[in-house]
Amino acid sequence: MNRIFMVLMLGAFLCQSCETKKAEQEKETEFLVSTPLIKDTLITREYVSQISAISHIEIRALERGYLEKIFVDEGQSINKGQLMFQIKPAIYQAELQKAQAEAEFAQIEYQNTKNLADNKIVAANELAMAKAKLDKAKAEVSLARVRLGFTQIRAPFNGIMDHFQVRLGSLLDEGDLLTTLSDNSEMWVYFNVPEAEYLDYRSNQAGHNMSRVRLQMANHKLFPQIGVVKTIEADFNNETGNIAFRATFPNPDRLLRHGETGNILMDIPISNALLIPQKATFEVLDKKYVYVVDKSGRLKSREIVIAAELPHIYVVKEGLSQDDKILLEGLRLVKENEKIHYKYLKPASVMSQLDLYAE
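Residues numbered from 1 in each chain as written. Predicted model: local features only at pLDDT ≥ 70, side-chain atom pairs only at ≥ 80, totals over all residues. Heavy atoms only, no water.

Enquirer: Please explain the layout of surface pockets as it appears in this structure.
Expert: Space left empty within the atom packing is revealed by a probe, the size of a water molecule, rolled over the atoms. Approximately 230 Å³ is the volume attributed to the largest pocket. As for the largest pocket, its lining consists of 13 residues, of which Ile43, Arg45, Asp200, Ile268 and Ile270 are closest to the centre. Elements that contribute at least two residues to the lining of the largest pocket include exactly strand 2 (37–60), helix 4 (195–205), strand 13 (261–277) and strand 16 (299–310). Element by element, the count of residues in the lining of the largest pocket is highest for strand 13, at four residues. Of the residues that constitute the lining of the largest pocket, the class distribution is seven nonpolar, three polar and three charged. (1 Å grid on protein atoms, 1.4 Å probe; cavity = no way out; pocket = protein on both sides within 12 Å on 5 of 7 lines; lining within 4 Å. Points joined across faces, edges and corners; volume = space filled by probe spheres on them. Helix = DSSP H or I, 4+ residues; strand = E, 2+ residues; numbered from the N terminus. Nonpolar A, V, L, I, M, F, W, Y, C, P; charged D, E, K, R; others polar.)

Printed below as a string of structure tokens:
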């Protein structure tokens, strides 16, 4: 009798223990679900860019001769009209002096001929010929003065000198490269935009100030000035399907230099974007999926199409609606068609725990 009682007590204890474990297991496997959040937001598109000075030119010799003097240094900031190089001017000075002497002789000859013509001693044709000879001599003086001026090479605008291609005393031919000069008071930043994004840009440009862009420099820091897209090229590149944009950035501190690279950041507004946490998704063969909870509490995997990516957030283009309940966590602990116990969280509460950039 005692043995039967002990067996019954043991059975009751084991039954109670199983029920307790089952309840604890059910409590432990309660999953969190939510629905997508509908919100106006901004996505940031990034484009590789090439930075150019607003003016970047080659400085070349205009006449042949020896480089006699260099008045500037590499990397120096110079002003418009400042003397940079002097080519030995001896030959051109002699040519100018010769032209001036011939002009003085022609002037005297013309004056004498004019006096004779006034006294009716010579014909008017001789006076005209003397005048033409004088004009030609003056033109030769002007030409010689211009050629002498070519021996002095001055800055055509304010800018920064590049490295020298020649050294003092070098024999220069006409057209030889001396250096380059950059005006980096403003910078032109070129970047290529795919056709679909170009169409989005033009469609949204009227309602939003999308022409303003930011520049991420090579050190991953943002350039402090805001740029403006002012130019779009006329034609698409048929090989790449891209079209070139040009943004202009003020460069008051001369931080940017010609030839740098960076990334253009363009903010694109999206109205009524469908937002979900990235952690609620999983990949199969490079495709994105989520688990959707049906009315009976069973899980169904569903493929989604991502329109854009934000920090910890996906903007969904296709595959979900605002009312779909999606599994937030524990994706590796469940399987297709499994029935789960879940707790619903409001999407605003879920997103508030993430780093969401939205307006």
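Enquirer: Sorry, what's going on with the side chain of asparagine 251 here?
Expert: Of note, asparagine 251 is situated in the loop between strand 12 (242–250) and strand 13. With a relative accessible area of 1%, asparagine 251 lands in the buried category. Aside from chain neighbours lying at most four places away, what touches asparagine 251 is Asn184, Ser185, Glu186, Met187, Phe223 and Leu256. (Buried < 20%, exposed > 50% of the residue type's maximum accessible area, 1.4 Å probe, protein only. Contact = heavy atoms within 4.5 Å.)

Enquirer: Explain helix 2 (residues 90–118) here, please?
Expert: Side chains three or four residues apart in an α-helix point the same way, a direct result of the helix having 3.6 residues per turn. Helix length check: helix 2 (29 residues) gives 42 Å between terminal C-alpha atoms against 42 Å at 1.5 Å per residue, within 8%. Those residues of helix 2 that are buried lie in contact with helix 3 (124–149). Positive phi appears at lysine 120, one or two residues downstream of helix 2, with a value of about 60°. (Expected span 1.5 Å × (residues − 1).)

Enquirer: Looking at this structure, how should I read the sheet that holds strand 5 (residues 83–87)?
Expert: In a beta sheet, neighbouring strands are held together by backbone hydrogen bonds and run either parallel or antiparallel to one another. Read across the open sheet, the four strands follow the order 6-5-3-8; overall the sheet is antiparallel. Looking at which strands have only one partner, the edges of the open sheet turn out to be strand 6 (152–154) and strand 8 (171–172). Strand direction decides the pairing type here: strand 5 and strand 6, joined by three bridges, are antiparallel. Opposite glutamine 86, over in strand 6, you have glutamine 152 as the bridge partner. (Pairing = 2+ DSSP bridges.)

Enquirer: Honestly, the packing of helix 2 against helix 3 in this entry has me stumped. Any pointers?
Expert: At a closest axis distance of 8 Å, the pairing of helix 2 and helix 3 adopts a crossing angle of 160°. One element, helix 2, and the other, helix 3, form an angle in the roughly antiparallel class. In the packing of helix 2 onto helix 3, the handedness of the crossing is left-handed. Tallied by class, residues from the contact of helix 2 with helix 3 come to 15 nonpolar, four polar and 11 charged. (Axes fitted to C-alpha atoms, helices over the stretch in contact; angles between N-to-C directions. Parallel < 35°, antiparallel > 145°, perpendicular 65-115°, else oblique. Left-handed = near helix turned anticlockwise from the far one by under 90°.)

Enquirer: Can you walk me through the pairing of strand 1 (residues 30–34) in this structure?
Expert: By the bridge criterion, four bridges tie strand 1 to strand 19 (residues 341–344) in an arrangement that is parallel. Within the sheet, the bridge partner assigned to glutamate 30 lies in strand 19 and is histidine 341. In the sheet, strand 1 pairs with strand 18 (residues 325–327) via two bridges, with the strands oriented antiparallel. Bridge pairing in strand 18 links serine 34 to isoleucine 326.

Enquirer: Looking at this structure, how should I read the packing of aromatic side chains?
Expert: To describe a pair of aromatic rings, you give the distance between the ring centres and the angle between the ring planes. Applying the stated criterion across every chain, the model contains nine aromatic pairs. Between phenylalanine 191 and phenylalanine 245, the aromatic rings sit 5.5 Å apart at their centres with planes inclined by 40°, giving tilted as the arrangement. Residue phenylalanine 191 is located in strand 9 (residues 177–194), and its partner phenylalanine 245 is located in strand 12; the two are separated by 54 residues in the primary sequence. Take phenylalanine 191 and phenylalanine 245: they sit in the same class, and that class is buried. Between the aromatic rings of phenylalanine 223 and phenylalanine 249, the centroid separation amounts to 6.1 Å while the plane-to-plane angle is 70°, which identifies the pairing as edge-to-face. Of the two residues, phenylalanine 223 sits in the loop between strand 10 (212–217) and strand 11 (227–232) while phenylalanine 249 sits in strand 12, which places them 26 residues apart along the sequence. Accessibility expressed as a relative area gives 6% for phenylalanine 223, which makes it buried. Members of the aromatic cluster, each reached through a chain of ring pairs, are Tyr47, Phe191, Tyr198, Tyr201, Phe236 and Phe245. Its guanidinium or amino end placed over the ring of tryptophan 188, arginine 246 lies 3.8 Å from that ring's centre, counting from NZ or CZ. (Phe/Tyr/Trp six-rings, centres within 6.5 Å; stacked < 30°, edge-to-face > 60°. Lys NZ or Arg CZ within 6 Å of the ring centre and 35° of its normal.)

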